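Coordinate inspection notes
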Number of protein chains: 2
Amino acid sequence: MATRWERAQRLDEEDPLAHVRKHFALPDDVCYLDGNSLGALPRGVGDRVREVVDEGWGKQLIRGWDGAGWWEAPERIGDRIGGLLGAAAGQTVVGETTTVQIFNALVAAARLRPDRELIVTDSDHFPTDRYLAASVARMLGKRLLLVPVAEAPALLRERAAEIAVLALPAVDFRTGELWPLRELTAEAHGAGAVVMWDLCHAVGAMPVDLDAAEVDVAVGCSYKFLSGGPGAPAFIYVAERHHSRLDLPLTGWTGHAEPFAMAAEYQPAPGIARARVGTPHVLSLLALEAALAVFDLVELAAVRAKSVALGNFLIECAESELVPLGFEVVTPCDESRRGSQVTLRHPQAYELVRLLAGRGVIGDSRPPNLLRFGLNALYVSYQDVHRAVQELAALAR
Amino acid sequence: MATRWERAQRLDEEDPLAHVRKHFALPDDVCYLDGNSLGALPRGVGDRVREVVDEGWGKQLIRGWDGAGWWEAPERIGDRIGGLLGAAAGQTVVGETTTVQIFNALVAAARLRPDRELIVTDSDHFPTDRYLAASVARMLGKRLLLVPVAEAPALLRERAAEIAVLALPAVDFRTGELWPLRELTAEAHGAGAVVMWDLCHAVGAMPVDLDAAEVDVAVGCSYKFLSGGPGAPAFIYVAERHHSRLDLPLTGWTGHAEPFAMAAEYQPAPGIARARVGTPHVLSLLALEAALAVFDLVELAAVRAKSVALGNFLIECAESELVPLGFEVVTPCDESRRGSQVTLRHPQAYELVRLLAGRGVIGDSRPPNLLRFGLNALYVSYQDVHRAVQELAALAR
């Protein structure tokens, strides 16, 4: 019977996405399982950024806004990301930080249901999402209710008339649990609520069908599975049916119907362009655009299939090698309930992650006791997974 | 008697800042008078950005947040810009777009005077500032009053008890008029109001003494006279005396007192770090940091002196060559009332600016009939100014 290491080798040989790894500039000695925090560098980004600086900024100067396509970048790249989210063109804009997009989207979502007083969000949501929900509720005179995602359906039934917005993560950032986006969206709509999804840990890792699921509003970052670079710009998606009523608080001049008229009154642009906020961060934006080229080489269904297989293999290895050493597998073993990471629990999580990095295996930890391993199917191999578990077992023994 | 062209040559020969121009990668055939919209490219930025992508992102990966100084960048670069604004360290943070910083700062400023109901801003302010003042007033249940800057002192006297915030531009973006920041700040304080300055057209062009003038809050962009690149990040300054009460609406995790604790409740960081919003756009931020190196070579007093002299020379040329052709000089001739641009009025402003660009002279236009010429003393020469006026006269004749 083949050893697990031999199986890892065979799985890598048979991997239909193995050819994609060479498009990333990963150091040879690193086993990188933190692409759910910061994706690896796609080759080609460095050349492109250099070109934007020297040829665009340096030579075109102010004319680059028209001549080099900078002005249109937020919507052009937005549509590219929308294509990875099952969103038809004209509903997605890229720019700003995730924090800003969450704020802008949450206010606008709540304003779609002015007669309802509750903003509901996941009690285990990423801190920024929770902090901003509190800030928005305070500014709009709404009440905030925190509830575990699993209890949201019951809440929707019990308080159907009160809930303005249900704001949820597609994937739990700590445990990697994948929530049923389509079903929860339908249940929120059944209660008359607007639903807002945070896709930070889903975009680029799996197919997401925003239009088909009739999602109202979504936001996400581009520096995790999209590998857009450190602090790469975030995106906002708003379903076309809401555009004409979309009342966003961050009313910058670039979202005006006629930005260059510099009119006295704010008149939002007719389509998704009204979700433009400030002057686009061109260097970060065009680096992201270059990074997205790798998605031309793959189908998201294949990315998801490999990510699931990597997760299954990691869990299998962990149950055999790590659970006997005091680790617990936190992520659901049911692959339909799993995002693209596997999380383990161990009392020395922080210290183990630090020691692992010293051995070239990079994951991360989240308080109080979680070890997270991101599985970006574009560049993580089964041998990476095997190596990570072996090194971790050696450290914990 | 020397011709004006000969004078331009002599002024350039005697210019103590002439040596700085070689630190910018300006195309030989371009006369660039639009640095008040997008500053020219400082040499060295391209190499630095390439290094950040290849060595930082590519090799350090997630470890770059600590190992490459990315996490501290908003405060480190903030202090560098603060140094150009007369701000002691620990009061300035860089990041986000100007739109976002204006929103965040305006809400926080208004919350410093919860018992007052008026937000007052310049009726000729840049559109984003006006649109956001309206948005903030609406969200906070305040009233917005628009008033020309020149009438602000009278308003402060008449309605002293009602004004929470006075939000003004240091320099009018259309006319280039420089407002008396210190005097207006003192008058606002005399009325018990908080004052917020938009420094977009001042930062990097002249000394600004925020601490000495006892300014409360200020924001600005970094892509004009700071030459930080297209869409470079904005900054926010908050006087230290307000930090403990500073109640900002954009409560992202990076501004938390213990960001990595990921606590349930938002607890703002003790100092200016609470003004951090989202995950920093590292590529754009570090490009800006590299661009700022040129300010190590100069004193802002010398920059201002040359900018004033360039403006005087432009106005002299314009009065001689352009006024007889139907142009009007809009910018105050009194140099103490002038920022670092000269604005002309002509019915065909838009078309003339377009034709000028075809001749390699780059300025810009603002509706309905203004031509703007930015005078960045770090790279604009007296011969540039002379050439621009000659070309414009030739087009208008």
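Residues numbered from 1 in each chain as written. Chains lettered and ligands numbered in written order. Predicted model: local features only at pLDDT ≥ 70, side-chain atom pairs only at ≥ 80, totals over all residues. Heavy atoms only, no water.

As recorded in an unreviewed UniProt entry, chain A goes by the name Kynureninase, listed as coming from Natronosporangium hydrolyticum. For the record of chain A, the UniProt heading Sequence similarities (unreviewed entry) holds the text "Belongs to the kynureninase family." (UniProt positions renumbered as here; feature names shortened; annotations may be inferred.)

Time to look at the state of the cysteines. Working definition of a disulfide: a covalent bond connecting the sulfur atoms of two cysteines. Taken as a whole and assessed by the stated rule, the structure comprises zero disulfides over all chains. Unpaired in this structure, cysteine 221 of chain A has its nearest cysteine sulfur neighbour in cysteine 200 of chain A, at a distance of 3.9 Å. (Disulfide = S-S within 2.5 Å.)

This brings us to empty space enclosed by the protein. Residue and element names in this part refer to chain B. This model, assessed by the stated rule, comprises six cavities of 30 Å³ or more. Residue classes in the lining of the largest cavity are distributed as six nonpolar, seven polar and two charged. Taken as a whole, the second largest cavity encloses approximately 70 Å³ of empty space. Pro74, Val94, Gly95, Val277 and Gly278 are the residues nearest the centre of the second largest cavity, which is lined by 14 residues in total. (1 Å grid on protein atoms, 1.4 Å probe; cavity = no way out; pocket = protein on both sides within 12 Å on 5 of 7 lines; lining within 4 Å. Points joined across faces, edges and corners; volume = space filled by probe spheres on them. Nonpolar A, V, L, I, M, F, W, Y, C, P; charged D, E, K, R; others polar.)

Under the defined criterion, the tally for this structure stands at 58 salt bridges over all chains. Taking the shortest distance from any N to any O, the salt bridge between arginine 48 of chain A and glutamate 51 of chain A comes out at 3.0 Å. Taken as a pair, arginine 48 of chain A and glutamate 51 of chain A lie in helix H2 (residues 45-60) at a separation of three residues, close to a single helical turn. Looking at arginine 48 of chain A, the relative accessible area reads 27%, which means it is partly exposed. With a relative accessible area of 41%, glutamate 51 of chain A lands in the partly exposed category. When the shortest N-O distance is used, the salt bridge between aspartate 247 of chain B and arginine 138 of chain A registers 2.4 Å. Residue aspartate 247 of chain B is found in the loop between strand E8 (235-238) and helix H9 (282-291), and its partner arginine 138 of chain A is found in helix H6 (residues 127-140); the two belong to separate chains. (Salt bridge = Lys/Arg side-chain N within 4 Å of Asp/Glu carboxyl O. Helix = DSSP H or I, 4+ residues; strand = E, 2+ residues; numbered from the N terminus. Buried < 20%, exposed > 50% of the residue type's maximum accessible area, 1.4 Å probe, protein only.)

Two aromatic rings are characterised by how far apart their centres lie and by the angle between their planes. Evaluated as defined, the whole model comprises 23 aromatic pairs over all chains. Between phenylalanine 126 of chain A and phenylalanine 173 of chain A, the ring centres sit 5.0 Å apart and the planes meet at 80 degrees, which makes this aromatic pair edge-to-face. With phenylalanine 126 of chain A in the loop between strand E3 (118-122) and H6 and phenylalanine 173 of chain A in the loop between strand E5 (163-169) and helix H8 (181-190), this pair connects stretches of sequence that are 47 residues apart. These aromatic residues form a ring-pair network of at least three members: Trp65, Trp70, Trp71, Trp253 and Phe260 of chain A together with Phe126 and Phe173 of chain B. The ring of tryptophan 71 of chain A has arginine 276 of chain A sitting right over it, with the charged end atom 4.4 Å from the ring centre. (Phe/Tyr/Trp six-rings, centres within 6.5 Å; stacked < 30°, edge-to-face > 60°. Lys NZ or Arg CZ within 6 Å of the ring centre and 35° of its normal.)

Quite often, the size of an interface is put as the accessible area lost when its parts meet. Taken together, the contact pairs 79 residues of chain A with 79 residues of chain B. Surface buried jointly by chain A and chain B totals about 6400 Å² across both partners, of which 68% is contributed by carbon and sulfur atoms. It is Trp57, Tyr131 and Met139 of chain A in chain A that bury the most area against chain B; as a group they hold 13% of the surface buried on that side. Applying the counting criterion to the chain A and chain B interface returns 31 residue pairs in polar contact (both at pLDDT 80 or more). Counting only elements with at least two residues in the side of chain A that touches chain B, the list comes to H2, helix H5 (98-111), H6 and helix H9 (282-291) of chain A. It is H2 of chain A that contributes the most residues to the side of chain A that touches chain B, 10 residues altogether. (Contact = heavy atoms within 4.5 Å. Buried area = accessible area lost by both parts, 1.4 Å probe. Polar contact = N/O pair within 3.5 Å; in protein donor to acceptor, adjacent residues only side chain to side chain.)

Attention shifts here to helix H8 (residues 181-190) of chain B. By the burial criterion, the buried members of H8 of chain B are Leu181, Leu184, Thr185 and Ala188 of chain B. Relative to the axis of H8 of chain B, the buried residues are bounded by an arc of 105 degrees and lie together on one face. (Arc of directions from axis to C-beta.)

Below, the discussion takes up the environment of leucine 226 of chain B. Residue and element names in this part refer to chain B. With respect to the helices and strands, the residue leucine 226 is situated in the loop between strand E7 (217-220) and E8. We classify leucine 226 as buried; its relative accessible area is 1%. For the pair leucine 226 and proline 42, spaced 184 residues apart in the sequence, the C-alpha separation amounts to 9.8 Å. For leucine 226, the residues in contact, after removing those within four places along its chain, are Ile81, Leu84, Val203, Gly204, Cys221, Ala291, Leu292 and Phe295.

The next subject is the sheet that holds strand E2 (residues 92-94) of chain B. All names here are of chain B. Spatially, the seven strands line up as an open sheet ordered E2-E8-E7-E6-E5-E3-E4, and their pairing is mixed. Because the sheet does not close on itself, it has two edges, and the strands there are E2 and strand E4 (143-147). Taken pair by pair, the neighbouring strands of this sheet meet at an average axis angle of 15 degrees, ignoring direction. Here E7 pairs with E8 via four bridges, running antiparallel. Note that in E8 the partner of valine 217 across the bridge is valine 238. (Pairing = 2+ DSSP bridges. Axes fitted to C-alpha atoms, helices over the stretch in contact; angles between N-to-C directions.)

The next subject is the packing of helix H10 (residues 300-321) of chain B against helix H12 (residues 382-396) of chain B. In a pair of packed helices, the angle between the axes and the distance between the axes together describe the arrangement. Residue and element names in this part refer to chain B. For the pair H10 and H12, interaxial distance at closest approach is 10 Å and the crossing angle is 25 degrees. With respect to their mutual orientation, H10 and H12 come out roughly parallel. Of the two possible hands of crossing, H10 and H12 adopt the one that is right-handed. Of the residues in H12, those in contact with Lys306, Ala309, Leu310, Phe313, Leu314, Cys317, Ala318 and Glu321 of H10 are Tyr382, Val385, His386, Val389, Gln390 and Ala393. Grouping the constituent residues of the contact of H10 with H12 by class yields 10 nonpolar, two polar and two charged. (Parallel < 35°, antiparallel > 145°, perpendicular 65-115°, else oblique. Left-handed = near helix turned anticlockwise from the far one by under 90°.)

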